[in-house]
Amino acid sequence: MSEFLSSVNSSFPVLLLMAAILNGAPLLFGTVGEILSEKAGNLNLGVEGLMYMGGAMGLGAVFYYERLAGSPGNSVAAVLLALLFAFLGGAFGALIYGFLTISLRANQNVTGLALAIFGTGAGQFIGEYMRVSTGGYVSVSNELMAVFSGSPFPAVLQNLPIVGPLLFGHNLFVYLGVAVCAVMGLFLRRSRRGLYLRAVGESPVTADAAGINVTRYKYLATVIGGGISAIGGMVYIMTIAGSVWNHEGLSGEGWLAVALVIFCLWRPINAIWGSILFGALMILYLRLPLGFIPDQIYRILPYVMTVIVLIFTSMRNSRDKQPPASLGLPFFREDR
């Protein structure tokens, strides 16, 4: 108990929250992308594979850009290339999933699991190919590493007592992720297109009868959602992993994102605080070690929290806290 008390000091909550936000940022992108896909009725369990593809292609884009342009190159161009190639990698994987499940009406669960395996293998292949072809570690310069992991705000704001690090001390992708969640929340709740998308996820038969192009909305939500999820893999590699390729680094991130979708009750805004909570639970065993609790128990805390939320949600039986009614079900237009 004395060791526990000594580990907790006045700066501990701030440091824990900072670490939780850092580790929650990749989950934020993976979660909000999957929410978009599931809102259209597509249960894509391949987020793990999408994040691997996004991580490998995002790092590869920056790595080869720096070699061609000369170190360190233009930082804005490097960030944009990382975002673009990560998004394209995830969008390509999601397009394969969409073709199989939307056009060919394959089982979504099986296809998603296959995508997780395929994407993980493809990401690891790309990463290892870059490593072997260059004869060493696949990494970027310290200058670009600082751009990806450092805060975009000036030091005078970051050094403000308590408020400075909490509000202005995070990397660029934390603020980008919050902005994506806010925009997606407004899109789904306040726009006509968002209403159409939710209608497709709830009852594609009714949406089709109302003149909504169900196939188009399903494809767009799946592909764009897959691209957003893949950006989370790039964020992990370029920030938490130190901009160095590690083929084991992303293990489990995608599955946590799928669990977080359920925990957040399919609401993009909830993903902001949910990702912070999951980020804290992921690293709690490192920041607050307790000898009487094994690390393995610590690491399953996010999944335990998800199960608890599912139990309480089922008990309340509230419709607005349930998944889209057609989630995981194929749409047969000829049966309408």
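About the thresholds
- Residues numbered from 1 in each chain as written.
- Predicted model: local features only at pLDDT ≥ 70, side-chain atom pairs only at ≥ 80, totals over all residues.
- Heavy atoms only, no water.
- Patch = residues over 30% accessible without salt bridge, like charges linked within 9 Å, V, L, I, M, F, W, Y side chains within 5 Å.
- Areas by Shrake-Rupley, 256 points an atom, 1.4 Å probe, with all protein chains shown as cover.
- Salt bridge = Lys/Arg side-chain N within 4 Å of Asp/Glu carboxyl O.
- Helix = DSSP H or I, 4+ residues; strand = E, 2+ residues; numbered from the N terminus.
- Phe/Tyr/Trp six-rings, centres within 6.5 Å; stacked < 30°, edge-to-face > 60°.
- Buried < 20%, exposed > 50% of the residue type's maximum accessible area, 1.4 Å probe, protein only.
- Expected span 1.5 Å × (residues − 1).
- Contact = heavy atoms within 4.5 Å.
- Bend = angle between axes of the 7 residues up to and from the residue.
- Axes fitted to C-alpha atoms, helices over the stretch in contact; angles between N-to-C directions.
- Parallel < 35°, antiparallel > 145°, perpendicular 65-115°, else oblique.
- Left-handed = near helix turned anticlockwise from the far one by under 90°.
- Nonpolar A, V, L, I, M, F, W, Y, C, P; charged D, E, K, R; others polar.
- Core = buried A, V, L, I, M, F, W, Y, C linked by side-chain atoms within 4.5 Å.
- pLDDT = per-residue confidence, 0-100.

## A short note on a nonpolar patch on the surface
Line of reasoning, step 1. A cluster of nonpolar side chains, Leu-113, Trp-255, Ile-297, Ile-300, Tyr-303, Val-304, Val-307, Ile-308, Ile-311, Phe-312 and Met-315, forms an exposed patch at the surface whose accessible area comes to about 990 Å².
Line of reasoning, step 2. Tallying contributions element by element places helix α16 (residues 301–316) first for the nonpolar patch, with seven residues.

## Focus: the packing of aromatic side chains
Line of reasoning, step 1. Per the stated rule, a full pass over the model turns up eight aromatic pairs.
Line of reasoning, step 2. Ring geometry for Phe-148 and Phe-173: centres 5.8 Å apart, planes at 20°, overall stacked. Of this pair, Phe-148 sits in helix α6 (residues 142–149) while Phe-173 sits in helix α9 (residues 172–190), and the two are 25 residues apart along the sequence.
Line of reasoning, step 3. When its relative accessible area of 0% is taken as the criterion, Phe-148 is described as buried.
Line of reasoning, step 4. Between the aromatic rings of Tyr-196 and Tyr-217, the centroid separation amounts to 6.2 Å while the plane-to-plane angle is 85°, which identifies the pairing as edge-to-face. Of this pair, Tyr-196 sits in helix α10 (residues 192–202) while Tyr-217 sits in helix α12 (residues 214–240), placing them 21 residues apart in sequence.
Line of reasoning, step 5. Tyr-196 sits in the partly exposed class, given a relative accessible area of 26%.
Line of reasoning, step 6. Exposure remark for Tyr-217: the relative accessible area of 11% places this residue in the buried category.

## Notes on helix α14 (residues 270–287)
Line of reasoning, step 1. Between the first and last C-alpha of α14 there are 25 Å, a value that for 18 residues agrees with the 26 Å anticipated at 1.5 Å per step.
Line of reasoning, step 2. Within α14, burial applies to Asn-270, Ala-271, Gly-274, Ser-275, Phe-278, Gly-279, Ala-280, Leu-281, Met-282, Ile-283, Leu-284 and Tyr-285.

## Observations regarding the pattern of salt bridges
Working definition: two side chains of opposite charge can pair if their charged atoms are close together.
Line of reasoning, step 1. Counting across every chain of the model gives one salt bridge.
Line of reasoning, step 2. A salt bridge links Arg-131 to Glu-128, with the shortest nitrogen-to-oxygen separation between them at 2.9 Å. With Arg-131 and Glu-128 both in helix α5 (residues 108–134) and three residues apart, this pair spans about one turn of that helix.
Line of reasoning, step 3. Overall, the relative accessible area of 35% leaves Arg-131 in the partly exposed class.
Line of reasoning, step 4. Note on Glu-128: relative accessible area 24%, which makes it partly exposed.

## Considerations on the environment of Pro-26
Line of reasoning, step 1. As for its position among the elements, Pro-26 is in helix α2 (residues 12–39).
Line of reasoning, step 2. For Pro-26 and Asn-42, which are 16 residues apart along the polypeptide, the C-alpha to C-alpha distance reads 21 Å.
Line of reasoning, step 3. Every residue in contact with Pro-26, bar those within four places of it in the chain, is listed here: Met-51, Gly-232, Val-235, Tyr-236, Ile-240 and Glu-253.

## Description of α2
Line of reasoning, step 1. Given a rise of 1.5 Å per residue, 28 residues ought to cover 40 Å, and the 38 Å separating the end C-alpha atoms of α2 matches this to within 8%.
Line of reasoning, step 2. Remark: the principal bend of α2, roughly 40°, maps to Gly-24, with a proline, Pro-26, within the next four residues.
Line of reasoning, step 3. Backbone geometry just after α2 places Gly-41 at a positive phi near 90°.

## Some details on the packing of helix α4 (residues 75–103) against α5
Line of reasoning, step 1. Where α4 meets α5, the axes come as close as 10 Å, and the angle between the chain directions of the two elements is 155°. Taken together, the axis directions place α4 and α5 in an arrangement best described as roughly antiparallel. Crossing of α4 over α5 shows right-handed handedness. Across the interface between the two elements, Gly-93, Ile-96, Tyr-97, Leu-100 and Thr-101 of α4 pack against Gln-108, Thr-111, Gly-112, Leu-115 and Phe-118 of α5.
Line of reasoning, step 2. Of the residues contributing to the contact of α4 with α5, the split by class is five nonpolar, five polar and no charged.

## Some thoughts on the nonpolar core
Line of reasoning, step 1. Ranked by size, the top nonpolar core spans 66 residues in total, and within it Val-62, Phe-148, Phe-173, Met-234 and Met-238 carry the most contacts.
Line of reasoning, step 2. No other element matches α12, which puts 10 residues into this core.
Line of reasoning, step 3. With near-sequence residues (within four places) excluded, Phe-173 lies in contact with Phe-29, Val-79, Leu-83, Phe-148, Met-234, Val-235 and Thr-239.
Line of reasoning, step 4. If you look at the next biggest cluster of nonpolar residues, it comprises nine residues, including Leu-16, Ala-19, Leu-288 and Tyr-298.

## Regarding the confidence of the model for the protein
Line of reasoning, step 1. Residue-level pLDDT values for the protein average 88, and 94% of them are 70 or greater.
Line of reasoning, step 2. For the stretch residues 1–9, pLDDT sits under 50, and the model shows five contacts to residues farther than four places along the chain or on other chains.

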